[in-house]
Amino acid sequence: MMKFNSTGDSQTQEIERRIRANDPAFNTKFSYANNYIKTSKYTVITFLPLNLFEQFQRLANFYFLCLLVLQLIPVISSLTPFTTAVPLILVLALTAVKDAYDDFQRHRSDSQVNNRKSLVLRNGHLVEERWFKVQVGDVIRMENDQFVAADVLILSTSEPNGLCYIETAELDGETNLKCRQCLIETAEMGQEPENLGSFDGDIVCEPPNNHLNKFEGTLTWKGKRYALDNDRVLLRGCILRNTQWCYGVVIFAGRDTKLMQNSGKTKFKRTSIDRLLNFIILGIVFFLLSMCLFCTIACAVWELMIGQHFRVYLPWDELIPREEPPKEEPIEGAVIISLLVFFSYAIILNTVVPISLYVSVEVIRLLQSFLINWDLKMYHEASDTPAKARTTTLNEELGQIEYIFSDKTGTLTQNIMTFNKCTIAGKSYGEVIDPRTGEVFENLEKCDETMLDSGDKRFVKSPIKASSGGHSIKRSRLETVNEEYLDTTGPESSQLLDSKLHDSDIPLHDMKKLHTVSPVDFSKNPYFEPKFRFYDQSLYDAVLNGDRDVHMFFRHLALCHTVMADERLGKLEYQAQSPDENALVSAARNFEFVFKERTPDSITITAVGVEEVYDLLCILDFNNVRKRMSVVLQSRADDRIYLLCKGADSIVYERLEVGSVDIKSRTQEHLNKFAGEGLRTLVLAVKELTLEYFEDWKNRHHEASTSMVNREEKLDTIYEEIERDMKLIGATAIEDKLQDGVSTCIANLIQADIKVWVLTGDKQETAINIGYSCQLLTDEMNDIFIVDTASFEEVKSQLLKFLDALQKGSCAPVDNSRLGDMSLVTFSESEFGPSFHAGDCDSSHDHDGNGGYALIVNGHSLVHALNPQLEQLFLELASQCKAVICCRVTPLQKALVVELVKKFKKAVTLAIGDGANDVSMIKTAHIGVGISGQEGLQAVLASDYSIAQFRYLERLLLVHGRWSYYRMAKFLRYFFYKNFAFTLTHFWYAFFCGFSAQTVFDPMFISVYNLFYTSLPVLSIGVFDQDCNDENSLRYPKLYTPGHLNLLFNKKEFFKSALHGFVTSCVLFVVPYGTYNHAMSADGQGLSDQMLFGSVVSTILVVVVTAQVALDTSYWTVFNHITIWGSVLFFFVLHYLYNFTIGGRYLGSLTKALQEASFWFTLVLTVMFLIIPVLAWRFYFNDVHPTLSDRVRLKQRVSSAKTRQAFDKAFRTPSARRSRRSLRSSYAFAHQEGFGPLITSGKIMRKTKSNNNHTAGSTVASLVSSVANFGTSSGGVNLSRTPRITMVTPQGQEHSNKQDSVRL
């Protein structure tokens, strides 16, 4: 039976899982989870109660619900319940519709996944079932390029020896293919339904967990027990690659699968402004209760001292007991009246926190989301993917991000490796000089696009078309401007440039001069790949001219690898374990050194049309310690034996022969340059061996490999012996292609004081290399700390050591500036006066020469670093570093790192990724951003925002995020101001109405004040206002920093707005009261009635708050004009329409007031009293203490009237990165140990008929994949523990003096 561990009253935890294949009755007893996936939050039944429960967790909603209940009691309410009920229902309904839509999308996603088709064995027959019907214990069939439906134990495959190949990008972000192998005993069942249907093995394994790289279990079948490990299992989310079919038995399904165990739960996210609003509303409620309590006490005192004497005219409520005869001091009646007044004032003054605030907030957020969705500058045309705000509640949080946690593969990179440059015999190839500027083209494929994406609307390509009259072509505006700009200087250049911004026809031969850079034409090569691009013609010319060194270089690339070749549909295809190897072999292929095929003991290539066959004598496999791989080959043409080696520069250089100093130094110089450009390098070397030496070495290797004492040390010594005194050939430089604009994006985000952490499942060397490529790491850094130990104490020691070094080495704060990447705001006194100083606007202008530090952490070290005893130490070190990269991390570790920063730093976090392995991190962060990438849509479906490319994150944060925060902060400040000004007028009036809860304004005015009179102007601010345009927001990233400290809206800013409203309400009441107290008109009529006074105060209130919103508006659009000036007009229209048409109680009062000069004098006087001090205050601070935003806005206004001065930057030769010298090693190789044995042993080869006269070897149809820690084969040979080289002498050649074959 299944074992459980008691953890509570009725809760049990599974500690061991038992499964019997093809036995549903047995497996049903344990109630294992089915394969149904649910990521949605609601159902049709639970939606209403659960959603209302969540919404009433918002304090304001609960507060207004209580007010609504009070308004339903007639004795204490002087306002109709509809004034609260309608807005409350509206905001609840609006939020509910939005939540229902979001959850509907999750339901659709779940349905799409759950209804995928799978082939399941039922009663010995294959039937098609949907995924959610798959159960634990079922035997399922998986086919090539299909997702694995559940976690399964492999039973049999189509490949030799039970191998199969999978892509795990959804799990760990790695795009290399990995290899798995079933037990040889079960592999013999093949794909026969009878054999598989009768399989009744008992599986005992670990319970469901989130460890992706660990599995323990046993299989009992036919009386024998077999050990099971991670190499026998396929996990849900993997994709079967280059394996025709595969059968497996389901061991974990649905929520128990390791993918779902790592996904995390969907959390209800709130912005920091929401949390602050809850706190502020709580304070306002206490303030409201204080005013009500004051009015209650004052009412009781007034009734006792004055009110009781006017009971004939102002009778008390019927609830008050009548006493005969009446008492002289009716204390009891006064107390009852005051208690009723308490609730009456609670209702009247509740507009200090109006329900319309939340209606407006939801509307603003919704409209801001539309602006994100509609932004064409975040639209990716190639994939037809726009940016999308998948939630409407977090927009302003985008303007407060302090930490970004990014995946690497597919997020920063394109998952594409390209052969960019090389150095051969001390000569560098791959650079192309622009003849017009003398600069080096760095990003040749994107040279035009880089300029076109600069953000200038004038840089728009025109369609190319041939003219009808001859060989002419309509060229782009940019190209026209570019050519003319080269000969244009001086102030008149702007006129010339503008005049060239129109399409013009030019001869075709002139057009060709503009495009001097074109890729090398490889079309003469029958094996060339159309997608391959190389721009240095001199390298191809050297190949065609027979340059010996160049030929040796490409022959090395074509021979020293573990790539497999396969011919499909008449085309030669390569199947590589890593993209690095594929790029190198592909480069050799295009340069006419074509790897054709291999057998376990031979390799066939075509060198410039001539076929060459080499016997593969041995492979010295790659691993992370050796950092190199070598092959020993014997040419069948001349029987010469060669050792070909490639690896890290630091490793290979130590093993080169003495001499050739000049070539070594020049190659090292080129390597430094390649490293500075962020390219991944490998050094190539060769050594010729004599047959006698190799025979002797082979014998000594055999002795070492069979030694029972210090075997590994002896083998290492043998490897070192043969891999020395090699001759340097050259080096390769491969680009792990970043997505467009990643470097600039990261540079600007760092300039905005946002910390960028990369959390990746990739190897350490690869992650570090990408860090340099995207300029997250730079050579100017003081030091890079690498935490790579495996024990708790060692990790602790490293963290303490690095923290001490950091504190000793950098007393000053880390400088995040990158002056070469973006411009800073500078001003001259001649333009703006002596109060402006260059660089004042940007604190990063003050450089201390500190290059900062970086921290690299491995996954096994991170396990200990996240221990509660070390987590704060780790965070202290990481938070003081300029860059942090965590390698080999699991999805759950990504989430734990994010949670750690949230917990202790109290910072707003953002996680961005593109695969299922990023879902947990995305859900944990305050903001989750999904990239519509190559790894599916799981990240997008779990995200709050989705974009097509990482570079759009810059605009999402620095433009939309900053604008959203700026707008929301300004909206809230103004909203609280206008409502305090409106509501507190009742409080001042209480002193003159005996605290009787009489309102100043018409009840209709109270109902529609926030709905009609003042809502649209403030909505226009919340949706359209901007202090700086989008170009300046990107140009000056420091504009983003106020959001980090909540400078635009916080408790202090709220208090200032409330105080402003308090003063405004006082002036609004006092000035008109002084004017109309005992006032008389010119014809002797009295003007001091309550209705006329209320109409005057309400009119002045609308005018004042409208003038204030006009003063607060920084960016005027047609909508602002319509809403602001239209609100004043609408006030008069609605007032007269209501009172004259419906017959309101205030009929004629405003008309009477407008006829008197005293009204207009009072209006002007009140507006001047309230607006002029605000103008003076703002003018003083803008002039004497301007913020960065003020200065940029001023420069923006000035520059809008002048010619743009950025053409010199726009027309520089485009470059993807800054070229710099580097003394670091840029070695990075995605290879893993263990693949060499599979090649030389022939285990991954399909069996073919032998050909004694063959020169091409056998055809390979299986894909190469990584086989690290491959497991145990049926023959009792543990591949992961087998010596790297095993010598086998072929039959018939025991006494041959020609050659020996060496196999792994």
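Draft legend 1. Fine view of unusual backbone geometry. In this model, Asp639 sits at a positive phi of 60°, which is unusual for a non-glycine residue. Within the fold, Asp639 resides in the loop between strand S29 (628-635) and strand S30 (641-647). We note that Asn1046 has phi near 55°; this positive angle belongs to a residue other than glycine. Take Asn1046: it is sitting in the loop between helix H35 (1030-1035) and helix H36 (1051-1076). By relative accessible area, Asn1046 is classed as partly exposed at 28%.

Draft legend 2. Just helix H34 (residues 1015-1024), in detail. Burial of H34 is extensive: eight of the ten residues sit out of reach of the surface. Buried within H34 we find Ser1015, Pro1017, Val1018, Leu1019, Ser1020, Ile1021, Gly1022 and Val1023. Each element contacted by the buried residues of H34 is listed here: helix H11 (356-373), helix H32 (952-990), helix H33 (1003-1013), helix H37 (1090-1112) and helix H38 (1118-1142).

Draft legend 3. The environment of Arg973, seen in detail. Positionally, Arg973 belongs in helix H32. With a relative accessible area of 22%, Arg973 lands in the partly exposed category. As for Arg973 and Ser1057, which are separated by 84 residues in sequence, their C-alpha atoms are 5.6 Å apart. Aside from chain neighbours lying at most four places away, what touches Arg973 is Leu1048, Phe1049, Glu1053 and Ser1057.

Draft legend 4. Fine view of the pairing of strand S15 (residues 245-252). Within S15, eight of the eight residues are buried, which leaves the element mostly enclosed by the surrounding structure. Across six bridges, strand S7 (residues 151-157) lies against S15 in antiparallel orientation. Bridge assignment links Ile154 to a residue of S15, and that residue is Gly248.

Draft legend 5. Expanded view of the nonpolar core. Within the largest apolar cluster, 100 residues are counted, with the highest numbers of intra-cluster contacts made by Tyr345, Leu972 and Phe976. In terms of residues, this core owes the most to one element, H32, which gives 17 residues. Core analysis: the next-biggest nonpolar cluster, separate from the first, contains 53 residues, Val139, Leu153, Phe199 and Cys246 among them.

Cut-offs used in this document
- Residues numbered from 1 in each chain as written.
- Predicted model: local features only at pLDDT ≥ 70, side-chain atom pairs only at ≥ 80, totals over all residues.
- Heavy atoms only, no water.
- Helix = DSSP H or I, 4+ residues; strand = E, 2+ residues; numbered from the N terminus.
- Buried < 20%, exposed > 50% of the residue type's maximum accessible area, 1.4 Å probe, protein only.
- Contact = heavy atoms within 4.5 Å.
- Pairing = 2+ DSSP bridges.
- Core = buried A, V, L, I, M, F, W, Y, C linked by side-chain atoms within 4.5 Å.

By themselves, these figures tell us nothing about what the structure is for.
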